[in-house]
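Per-entry structural report
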Amino acid sequence: MGTERRPRIRRGRTLGALGAAAGLLLAAGCGAPAAPDGPDPHSWSHPEQVRVTHLALDLEADFEARRLSGSVRLDLDRRDPGAPLVLDTRDLEIRSVRDGKGRPLQWRLGPARAGLGRPLAVELRPETRSVVVAYRTDPEAAALQWLDPEQTEGGRHPFLYSQSQSILARSWIPCQDTPSVRATYEATVRVPPPLMALMSAENPTEPAPDGVYRFRMPQPIPAYLMAIAAGELEFRPLGPRSGVYAEPEVVDRAAREFAETEEMMAVAESLYGPYRWGRYDILVLPPSFPFGGMENPRLTFVTPTVLAGDRSLTALVAHELAHSWSGNLVTNATWNDFWLNEGFTTYIEVRIMEALRGKEYADMLRALGRHALEEELDRLGRSSPDTRLALDLAGRDPDEAMTDVPYEKGRMFLERLERRFGRRAFDAFLRRYFDAFAFRPVTTKDFRHFLAAHLAKDDPEALEEAELWIDMPGLPEDSPEVVPEAFARVDRQFEAWRSGTPADRLDAGGWNTQQWLRFLGHLEDPVPVDRMAELDAAFHFTDSANAEILGAWLRHAVRSRYRAADARLEEFLLEVGRLKFLEPLYRDLSATEEGRARARALFERASPRYHPITRAAIRKILNDAGA
């Protein structure tokens, strides 16, 4: 897709009793601008004129109708007294808009634009300091997934959860859905007993008999970190500041898996300063959750696919915890700056795991990340502008930035700075960065200035190198590649197998998940079916309970037409909603005419179990492939 900028419409200051911005939406016969013209290309709002500072939600969850209904009060900082309040909405049914005294206000919804929804413009009286919007969500709200009881582990009660990132908060809350706006919030949520409701806020640990829950988030957060969940849940403490929620059938297993959480918190604090969010709890969601994790403050959402039984996949928790500094505390101002969230977080994740498991383990994570990045660069094209850290996503869905590039290229860039200036100096720089921009949005330009002022002020060559990493596509030629000895051992065994040593005679005893992923990463497709069968007989990949190993193996099974894995592939696609696994599998299936028909049939069966984000992503893959 192209990256050309769409023309922007400058708004005037007055138009009768309204500002021109309101006039564009409110005046009879006038339509909305073709695209947002504010500082964020993915938000209709104009926070430089009127900014939301606090939200007070009052919502009821109707599981039969699959709707949240109620109201939100938005407290305002009116920076331009003549400007309207402009909010982001998507498929919301707006019932009324009133001021804080209950008086009706004039409002209008502009025409919808795909992905961005509709702007809601509200005329404000001179004395208006808060607005109350009564509304209800659509049954197909893009942020929400309503699960039937049979789609849960227990099979007894329904389940609800949200996924607001990147710009889906507007599908369940009328808000200023831009990461540049931070607001505190409170909420009252009603769910049918015995369900427990949770939010990215201060949470209960026991179900409320009447199903009424009250929440408070005292730290200001951007809209994409607004989160809600409700289901049959139990809580287990992990430490004085941490715990885990999950369905009763899963919660004890999850508590064992995440037992290192408090230790991870201590490591991160020793490096980058105090944890500023009170508690750090984890909610294990049903398998349909589309991501590995979501860093909602105080309550990280995670996929059950990380419950491997041996803590081999808990680097994901380190990643989501790291967002408590990079992302949640210091936030990318727009999605063009996504690497400031994810590159920093991936760097911190590896540092946490190095402190817990040692340098060789961290180097395995680095090497696997580099391999994933190389595959992504090949898929995108190494000269693609989407392989830069600084992006231009105007006119595009910001989810298109969610490739491995901001994560792994961002990490590698920060590691390059660490090597240049030394770990001690770089750690001090990052801690200063988090303190300087705490609870604030930050742009790539801000980072460049901060780097020049505090770390590289006497090193113009380092600044030139930084520009190369940030602005140029692909990877610099001198980007380092790490091969830890643990992987060198794997490489030697793989070469032995490729040279004819039977799989069951390989010295693979005691390999961890990362080493198996290294081994599988060496396979060159298509692998002859007899050799696939040999590997499967020796190592039981098709029967693996480790989602990372199984997902990697199934990709080879599809591309090599290894039919013995067909039933497991079908089961996996029907059970798991994590895009990390589904996107490559559907893409591989769609590479052949036979596979496209099979992919379409599987998708039709599985799609009711997928989150709306997952459905949209897989549908696009199938449509692009002509399936």
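Data block above holds the structure.
Residues numbered from 1 in each chain as written. Predicted model: local features only at pLDDT ≥ 70, side-chain atom pairs only at ≥ 80, totals over all residues. Heavy atoms only, no water.

This part is about the overall build of the protein. Counting secondary structure elements, the protein contains 18 helices and 20 strands. Taken over the C-alpha trace, the protein has a radius of gyration of 25 Å; the compact-globule value for 627 residues is 25 Å, and the two agree within 12%. Overall, the protein is about 80 × 65 × 50 Å in size when its C-alpha atoms are taken along their principal axes. Here the protein, with 627 residues, has 60% of them falling under the buried criterion. Carbon and sulfur atoms form 48% of the exposed surface of the protein, whose accessible area is close to 24000 Å². When the 81 positive and 95 negative side-chain charges of the protein are each reduced to one mean point, those points stand 5 Å apart. (Helix = DSSP H or I, 4+ residues; strand = E, 2+ residues; numbered from the N terminus. Rg over C-alpha atoms; globule rule 2.2 N^0.38 Å. Buried < 20%, exposed > 50% of the residue type's maximum accessible area, 1.4 Å probe, protein only. Areas by Shrake-Rupley, 256 points an atom, 1.4 Å probe, with all protein chains shown as cover. Lys, Arg positive; Asp, Glu negative; His and termini not counted. Charge placed at Lys NZ, Arg CZ, Asp CG, Glu CD.)

Turning our attention to the nonpolar core. Counting residues in each nonpolar core, the largest one holds 206 residues, and the members touching the most others are Trp172, Phe258, Phe447 and Tyr586. With 10 residues, the single largest contributor to this core is helix H5 (residues 338–357). (Core = buried A, V, L, I, M, F, W, Y, C linked by side-chain atoms within 4.5 Å.)

As a further point, take helix H11 (residues 485–498). For H11, which comprises 14 residues, the first-to-last C-alpha distance of 20 Å matches the rise-based estimate of 20 Å (1.5 Å per residue) to within 8%. Packing partners of the buried residues in H11 comprise helix H6 (359–380), helix H12 (513–521) and helix H13 (529–539). Count one or two residues on from H11 and you reach Gly500, which has phi positive near 120 degrees. (Expected span 1.5 Å × (residues − 1). Contact = heavy atoms within 4.5 Å.)

With that settled, the discussion passes to the packing of aromatic side chains. Overall, the coordinates contain 44 aromatic pairs when judged by the stated rule. Seen from their ring centres, Tyr433 and Phe447 are 6.1 Å apart, and the 85 degrees between their planes marks the pair as edge-to-face. In this pair, Tyr433 is assigned in helix H8 (residues 423–436) and Phe447 in helix H9 (residues 444–454), connecting sequence segments 14 residues apart. Here Tyr433 falls in the buried class, since its relative accessible area comes to 1%. Ring geometry for Trp516 and Phe539: centres 4.8 Å apart, planes at 55 degrees, overall tilted. Of this pair, Trp516 sits in helix H12 while Phe539 sits in helix H13, placing them 23 residues apart in sequence. The lysine or arginine in question, Arg357, covers the ring of Tyr361, its NZ or CZ lying 5.1 Å from the ring centre. Lying over the aromatic face of Trp497, Arg531 brings its terminal NZ or CZ to 4.0 Å of the ring centre. (Phe/Tyr/Trp six-rings, centres within 6.5 Å; stacked < 30°, edge-to-face > 60°. Lys NZ or Arg CZ within 6 Å of the ring centre and 35° of its normal.)

Checked against the element boundaries, Leu85 lands in strand E3 (residues 85–89). Remark: the alpha-carbon pair of Leu85 and Arg51, spanning 34 residues in sequence, is separated by 7.9 Å. Those residues in contact with Leu85 that sit more than four places away from it in its chain are Val50, Val52, Leu76, Leu120, Ala121, Val122, Leu124, Val131 and Gln176.

Attention shifts here to empty space enclosed by the protein. Counted according to the given criterion, the structure contains 5 cavities of 30 Å³ or more. Of the pockets and cavities examined, the largest cavity occupies roughly 90 Å³. Considering the residues around the largest cavity, the lining is formed by Val52, Leu55, Cys175, Gln176, Val181, Ala183, Ile221, Pro222, Ala223 and Met226. (1 Å grid on protein atoms, 1.4 Å probe; cavity = no way out; pocket = protein on both sides within 12 Å on 5 of 7 lines; lining within 4 Å. Points joined across faces, edges and corners; volume = space filled by probe spheres on them.)

Let us look at the layout of surface pockets. Estimates place the volume of the second largest pocket at around 650 Å³. Of all the elements in the fold, those that place two or more residues in the lining of the second largest pocket are helix H14 (547–560) and helix H15 (566–575). By residue number, the principal contributor to the lining of the second largest pocket is H15, which donates 4 residues. Residue composition of the lining of the second largest pocket, grouped by class: 17 nonpolar, 7 polar and 7 charged. (Nonpolar A, V, L, I, M, F, W, Y, C, P; charged D, E, K, R; others polar.)

Turning our attention to the environment of Glu408. Take Glu408: it is sitting in helix H7 (residues 404–421). Sequence-wise, Glu408 and Thr152 are 256 residues apart; in three dimensions their C-alpha atoms are separated by 33 Å. At 2.8 Å, the side chain of Glu408 and the side chain of Arg411 are in polar contact. (Polar contact = N/O pair within 3.5 Å; in protein donor to acceptor, adjacent residues only side chain to side chain.)

In this section: the sheet that holds strand E5 (residues 107–109). Read from one edge to the other, the open sheet built from 3 strands follows the order E3-E6-E5, with strand pairing classed as antiparallel. Bordering the open sheet on either side are E3 and E5, each of which pairs with just one other strand. When the angles between neighbouring strand axes are averaged without regard to direction, this sheet yields 20 degrees. Bridge count between E5 and strand E6 (residues 118–122): 3 bridges; the pairing is antiparallel. Opposite Arg108, over in E6, you have Ala121 as the bridge partner. (Pairing = 2+ DSSP bridges. Axes fitted to C-alpha atoms, helices over the stretch in contact; angles between N-to-C directions.)

For the structure shown, the criterion picks out 61 salt bridges. Arg568 serves as the salt-bridge partner of Glu571, at 2.5 Å between the closest nitrogen and oxygen. Of this pair, Glu571 and Arg568 both sit in helix H15, 3 residues apart, which is roughly one turn of the helix. With a relative accessible area of 37%, Glu571 lands in the partly exposed category. Using a relative accessible area of 19% as the deciding quantity, one classes Arg568 as buried. Among the ionic contacts, a cluster of salt bridges with common partners joins Glu354, Lys359, Asp363, Arg366, Glu408, Arg411, Glu415, Glu418 and Arg423. (Salt bridge = Lys/Arg side-chain N within 4 Å of Asp/Glu carboxyl O.)

Our next topic: unusual backbone geometry. The residue after Gln165, namely Ser166, is reached through a cis peptide bond having omega 5 degrees. Positionally, Ser166 belongs in the loop between strand E9 (159–162) and strand E10 (183–190). For the peptide bond that leads from Pro193 to Pro194, omega is 5 degrees, which places it in the cis range. Summarising the element assignment, Pro194 is placed in the loop between E10 and strand E11 (196–199).

Everything listed here is a matter of coordinates, which is why it stays silent on function.
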